[in-house]
Amino acid sequence: VCTLLFIILILPVALLACASQPQSAPAYFEVTALQVSPSEVLEGQEVTVTASATNTGGMPGNFDEPLLVNGAEASSKVVTIQPGATRTLTYVISTKKSGTYTVSLHNANAKFSVKAMVQKETELKYDNDISKTALWAGYNGGFLIDFTPPNPPFRIDKVRICGGIYGVGWEGKTFELYILDSDMKSVMYNQTYAIAKFPVRGAFPYQPPTWVDFDIPEMNLDGKFYVYLYTSTGEHKGIHVGVDNTVFNDHSQLAQGKPPYLASIPPGNLYPPTIWYADVTKDNWMIRAIGTSLVPAD
């Protein structure tokens, strides 16, 4: 009887209490501020996609919708978001074909474009063909210059040096040409040449140096590299290199020794201004690297 009275009197009250408590709404997400940066890239380059996801529901939930590029899944992640909270989502993607792409995430969309790339001959240089090479332009050591390809990889084919042979004491000697990695210690190419590879200019009357090409076996360079002309003759005897003074020198140095025991020296620290130019901060070697690289199509 007591049990029956409990069911009759108490259970309806408990059920009424449960029914009166509000139920939390499930997690619900909205995506805003979808952006692609940069909005224009070259083939193979990456873009960064960012967006804000807000949980407007009443319960925690996992946002796990995929990032779509032209309707196909490109990336995905699972992010737990508390009720009323906003999380920033970041994705990094890339494409290999040119065209215009639409990025979609939940209810948001954005666009970016990819430009085509073509192989084109590229000449890396820091001079404008105007040289000054006096009798004192030779050096008992080496001429060091660094290059950074605009769009790696850069396939180097030639090294081009504006130079000539002056003075005496060079006969029968050799010089070396190096291509070094960004640390100036890793040798990627090394070749020894007869010094007469450069044209003999004598001393009087003075004749300007001449561009001489050196073929390089096919080599792909992914970043900064150095070209090092090691003269290995007596000071001011033998190879003199053209010098240009149209821009501030950020790339040309003198050097002593052979890699990996190579010590670089700023030109102005070794010779007085009267040797080349009054402004020793503008002593730029007329040494170039020629090859092919990927560039944007016209």
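See the structure printed just above.
Here the structure is a predicted model, which means the values were calculated and not measured.

A. Quick peek at the pairing of strand β13 (residues 154–166). Relative to strand β16 (residues 210–221), β13 runs antiparallel, the two being bridged by nine bridges. For Cys162, the partnering residue across the bridge sits in β16 and is Trp211. Taken together, the seven bridges between β13 and strand β23 (residues 287–296) define a ladder with antiparallel strand orientation. Note on β23: the bridge partner recorded for Arg155 is Thr292. In this structure, β13 lies alongside strand β18 (residues 238–241), joined through four bridges in antiparallel fashion. Paired with Tyr166 across the strands is Gly238, a residue of β18.

B. Fine view of the sheet that holds strand β15 (residues 187–194). Overall, antiparallel pairing links the six strands, which are arranged β15-β14-β17-β12-β20-β21 in an open sheet. If you trace the sheet from one side to the other, it starts and ends with β15 and β21 (263–265), each paired once. Direction aside, neighbouring strands of the sheet carry axes that sit 25° apart on average. As paired elements, strand β12 (residues 142–147) and strand β17 (residues 225–230) share six bridges and run antiparallel to each other. Residue Leu144 lies in a different strand from β17, and its bridge partner there is Tyr228.

C. Spatial organisation of the pattern of salt bridges. The full count for this structure, using the stated rule, is eight salt bridges. For the salt bridge of Glu123 with Arg288, the shortest nitrogen-to-oxygen distance reads 3.4 Å. In this pair, Glu123 is assigned in strand β11 (residues 117–124) and Arg288 in strand β23, connecting sequence segments 165 residues apart. Residue Glu123 is classed as partly exposed on the basis of its relative accessible area, which comes to 32%. By relative accessible area, Arg288 is classed as buried at 5%. One salt bridge connects Asp127 with Arg288, and the closest N-O pair in it is separated by 2.5 Å. You can see Asp127 sitting in the loop between β11 and β12 and its partner Arg288 sitting in strand β23, a full 161 residues away along the chain. Arg288 carries the same exposure label as Asp127, and that label is buried. Connected through shared salt-bridge partners, Glu123, Asp127, Asp129, Arg160, Asp213 and Arg288 make up one network.

D. Seen up close, unusual backbone geometry. The amide bond that connects Ser37 to the next residue, Pro38, takes the cis arrangement and shows omega of -10°. By secondary structure assignment, the location of Pro38 is in the loop between β1 (29–37) and β2 (40–42). In this model, Pro259 is joined to Pro260 through a cis peptide bond whose omega is 5°. A positive phi is found at Ala33, a non-glycine position, where the angle reads about 55°. Tracing the sequence through the fold places Ala33 in strand β1.

E. Geometry of the nonpolar core. Core analysis: the biggest nonpolar cluster contains 33 residues, and Ile156, Val159, Ile161, Phe214, Phe225 and Ile287 have the highest contact counts within it. Contributing elements (two or more residues each) for this core: β12, β13, β14 (174–180), β15, β16, β17, β18 and β23. If we ignore the near neighbours within four places in the chain, the residues touching Ile161 are Leu177, Phe198, Thr210, Trp211, Val212, Phe214, Leu229, Val241, Met286 and Ile287. Grouped together as the second largest cluster of nonpolar side chains are 24 residues, Val36, Val47, Tyr101 and Val114 included.

F. A look at the environment of Gly71. Tracing the sequence through the fold places Gly71 in the loop between β5 (67–69) and β6 (72–75). Residue classification places Gly71 among the exposed positions, given a relative accessible area of 60%. Put simply, Gly71 and Thr102 are 31 residues apart on the chain and 7.9 Å apart in space, counted from C-alpha to C-alpha.

G. Layout of the packing of aromatic side chains. Applying the stated criterion to the full structure yields 13 aromatic pairs. Note on Tyr101 and Phe112: the rings are 5.4 Å apart at their centroids and 15° apart in plane angle, and the pair reads as stacked. A residue pair is termed long-range when its members are at least 10 positions apart, and Tyr101 in strand β9 (residues 99–105) and Phe112 in strand β10 (residues 108–115) qualify at eleven residues. You can call Phe112 buried: its relative accessible area is 3%. When the ring centre of Tyr91 is taken as origin, the NZ or CZ atom of Lys77, which lies over that ring, is 4.7 Å away. Directly above the aromatic system of Phe214 lies the positively charged group of Lys197, at a separation of 5.3 Å from the ring centroid.

Cut-offs and rules
- Residues numbered from 1 in each chain as written.
- Predicted model: local features only at pLDDT ≥ 70, side-chain atom pairs only at ≥ 80, totals over all residues.
- Heavy atoms only, no water.
- Pairing = 2+ DSSP bridges.
- Helix = DSSP H or I, 4+ residues; strand = E, 2+ residues; numbered from the N terminus.
- Axes fitted to C-alpha atoms, helices over the stretch in contact; angles between N-to-C directions.
- Salt bridge = Lys/Arg side-chain N within 4 Å of Asp/Glu carboxyl O.
- Buried < 20%, exposed > 50% of the residue type's maximum accessible area, 1.4 Å probe, protein only.
- Core = buried A, V, L, I, M, F, W, Y, C linked by side-chain atoms within 4.5 Å.
- Contact = heavy atoms within 4.5 Å.
- Phe/Tyr/Trp six-rings, centres within 6.5 Å; stacked < 30°, edge-to-face > 60°.
- Lys NZ or Arg CZ within 6 Å of the ring centre and 35° of its normal.

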